[in-house]
Amino acid sequence: MKKLLLTFAAVTFALSSVSAFAAPTPSSKKKQTTLGLYASPHEAYEMKKKGGEKVLFIDVRTPAELEFVGVPTDIDKNIPLVYRDFSKYDAKKKRFATVKNKNFVKDVEALAKTHGLGKDGTIIFMCRSGDRSAVAANMMAKAGYTHAYTLVGGFQGGPNKADHGKRNKVGWMNDNLPFTQKLNKDVLDLQ
């Protein structure tokens, strides 16, 4: 009987482990999603570790961000939400212009299919600080996906006003989770 209870407890934990994560709702409206599914960097790391191929981990940052800042070692794919157009300057935002990835939803759906995931499959989106990953999760929710998470804090987190705007408070990198600056061409979006 004791062994049966332990087995039941182990199975119950295993079945609930992916959906058991629930990082607090971000305070910024830009980082909130329609599904309300949030994972801290450590939760996302555990979800991917436990779920393996059945949990997609997608980095939506630009390829340049991956190259110059770093990329988690466990991402399945880089599918940028936007690209930078280095031939145009956005004077209002004081940066290069942004161009939307028109194939974003289609590319995520194709990746999910290669992993055998349907619209109820778990997908974790990550960007620099949580804005673009929330947009990505909302786009996939609109396309009918029911388990689209955003990684709270992103790769670097938002600017820390107490430390001259450095991104050193939260995020994958600041939580000392595994990342590299050596790019794996198999996970890159090479267009």
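Placed above this text is the structure.
The residue numbers shown here count from 1 along each chain, following its written sequence. With pLDDT at 70 or above as the cut-off, local features in this predicted model cover only qualifying residues; side-chain atom pairs require 80 or more to be listed or tallied, and sums for whole chains, interfaces and linings still use all residues. Computation of side-chain values covers all heavy atoms of the structure but excludes hydrogens and water.

(A) Focus on the packing of helix 4 (residues 104–114) against helix 5 (residues 131–142). Axis lines are fitted through C-alpha atoms, for helices just across the contact stretch, and the angle between N-to-C directions can take any value from 0 to 180 degrees. By the criteria applied, helices consist of DSSP H or I runs no shorter than four residues and strands consist of E runs no shorter than two, each listed in order from the N terminus. Taken N-terminus to C-terminus, the directions of helix 4 and helix 5 make an angle of 75°; their axes are 10 Å apart at the nearest point. As judged from the angle between their axes, helix 4 and helix 5 are roughly perpendicular. Note on element contacts: helix 5 touches helix 4 through Ala136, Met139 and Met140, opposite Phe104, Val105, Val108 and Glu109. Any residue outside Ala, Val, Leu, Ile, Met, Phe, Trp, Tyr, Cys, Pro, Asp, Glu, Lys and Arg is labelled polar, Gly included; the first ten of those are nonpolar and the last four are charged. Among the residues forming the contact of helix 4 with helix 5, the class breakdown is 6 nonpolar, no polar and 1 charged. Here is the rule for angles: anything less than 35 degrees is roughly parallel, anything more than 145 is roughly antiparallel, 65 through 115 is roughly perpendicular, and the remaining ranges are oblique. Any pair of residues with heavy atoms lying within 4.5 Å of one another is described as a contacting pair.

(B) Representation of the side chain of aspartate 76. Summarising the element assignment, aspartate 76 is placed in the loop between strand 3 (71–72) and strand 4 (77–78). Contacts described as polar in this section are N or O atom pairs within 3.5 Å, which, within protein, must combine one atom able to donate a hydrogen with one able to accept it, while residues neighboring in sequence count only if both atoms come from side chains. At 2.9 Å, the side chain of aspartate 76 forms a polar contact with the side chain of lysine 48. Among all residues touching aspartate 76, those that are not within four sequence positions of it are Lys48, Val55, Leu56, Phe57, His115 and Val187.

(C) Molecular detail of the pairing of strand 8 (residues 147–151). Using a 1.4 Å probe on the protein chains alone, a residue whose accessible area is under 20% of its type maximum counts as buried, one over 50% counts as exposed, and one in between counts as partly exposed. Of all 5 residues in strand 8, 4 are buried, a share of seventy percent or more. Examined bridge by bridge, strand 1 (residues 38–39) and strand 8 share 2 bridges and lie parallel to one another. Directly across from alanine 39, in strand 8, lies its bridge partner leucine 151. Pairing between two strands is assigned when DSSP locates at least 2 bridges connecting them. Summarising the sheet, strand 7 (residues 122–126) and strand 8 pair through 4 bridges and their orientation is parallel. Paired with phenylalanine 125 across the strands is threonine 150, a residue of strand 8. We call a crossover right-handed when, viewed with the strands running away from us, the connection from the first strand over the helix to the second turns clockwise. Traced from strand 7 through helix 5 to strand 8, the parallel crossover comes out right-handed.

(D) Here's a closer look at the pattern of salt bridges. Take a side-chain nitrogen of Lys or Arg and a carboxyl oxygen of Asp or Glu: if they are within 4 Å of each other, that pair is a salt bridge. Going through the model one piece at a time under the given rule, you end up with 8 salt bridges. For the salt bridge of lysine 31 with aspartate 131, the shortest nitrogen-to-oxygen distance reads 2.8 Å. Of this pair, lysine 31 sits in the loop between helix 1 (2–16) and strand 1 while aspartate 131 sits in helix 5; the two residues are 100 residues apart in sequence, bridging distant segments of the chain. For aspartate 131, a relative accessible area of 24% corresponds to the partly exposed category. Between lysine 48 and aspartate 76 there is a salt bridge, and its shortest N-O distance comes to 2.9 Å. One end of the pair, lysine 48, is in helix 2 (residues 41–51); the other, aspartate 76, is in the loop between strand 3 and strand 4, and 28 residues separate them in sequence. Its relative accessible area of 15% is what places aspartate 76 among the buried residues. Ionic contacts of the salt-bridge type, sharing partners, join the residues Lys30, Lys31 and Asp131 into one network.

Any functional reading would require information beyond the geometric quantities listed.
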